[in-house]
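# A look at the structure
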Amino acid sequence: MSHDHEHDHDHDHDGPDEDLVRRAGHIILDGVTASDVDNEDAMELAFGKLLEIDAIEVTMDEDEGELELDISPLMSGVLLVVGELVDEVAQRDGLSREDVLARIRTRIDG
């Protein structure tokens, strides 16, 4: 089986296309907006878009008979958004990134 779907453009940088990562970042923020208003349809719509733009790619490995999932563009989008938010909080509160990350870890752990 040939992998024609392995995008044809050259990868001169490691990881997914920057424009794709930015679009994934916006969709993640759409998802946050949707969860704020507690609207499951809006949430599904936002995350359905991740499949549409190939931020999540599902392929079938016909030899193994298994579905393969590539979420690297999605993860890069998440890191982009989280990084921006950490910078924002660090600047606002006059903290280092490390301080902000430590504070978030504490909050996650309740």
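Just so you know, these numbers come straight off a predicted model, no measurement behind them. (Residues numbered from 1 in each chain as written. Predicted model: local features only at pLDDT ≥ 70, side-chain atom pairs only at ≥ 80, totals over all residues. Heavy atoms only, no water.)

## Topic: the pattern of salt bridges
Rules: Just to be clear on terms, a salt bridge is a Lys or Arg side-chain nitrogen sitting within 4 Å of an Asp or Glu carboxyl oxygen. Each helix is a run of DSSP H or I of at least 4 residues and each strand a run of E of at least 2, with the numbering of both proceeding from the N terminus. Only protein chains enter the calculation, and the probe is 1.4 Å; a residue is then buried if its accessible area is under 20% of its type maximum, exposed if over 50%, and partly exposed in between.
Enumeration according to the criterion identifies 6 salt bridges in this entry. The partner of arginine 22 in a salt bridge is aspartate 19, with the nearest N and O atoms 3.5 Å apart. Linking arginine 22 with aspartate 19, this pair stays in helix α1 (residues 18–36), spanning 3 residues, or about one helical turn. We classify arginine 22 as partly exposed; its relative accessible area is 44%. Residue aspartate 19 is classed as partly exposed on the basis of its relative accessible area of 35%. Here aspartate 19 and arginine 23 are joined by a salt bridge, their closest N and O atoms 3.5 Å apart. A residue pair is termed a helical-turn pair when its members lie 3 or 4 positions apart in one helix, as aspartate 19 and arginine 23 do in helix α1 at 4 residues. A cluster of three or more residues bridged by salt bridges with shared partners is formed by Asp19, Arg22 and Arg23.

## Brief notes about the nonpolar core
This is how it is decided: For our purposes a nonpolar core is just a set of buried Ala, Val, Leu, Ile, Met, Phe, Trp, Tyr and Cys residues, chained together by side-chain atoms within 4.5 Å.
Leu20, Ala24, Ile27, Ile28, Ala46, Leu50, Ile53, Ala55, Ile56 and Leu74 form the largest nonpolar core, which has 10 residues in total. Contributing elements (two or more residues each) for this core: α1 and α2 (40–52). Examining the composition of this core, we find that 4 residues originate from one element, α1, more than from any other.

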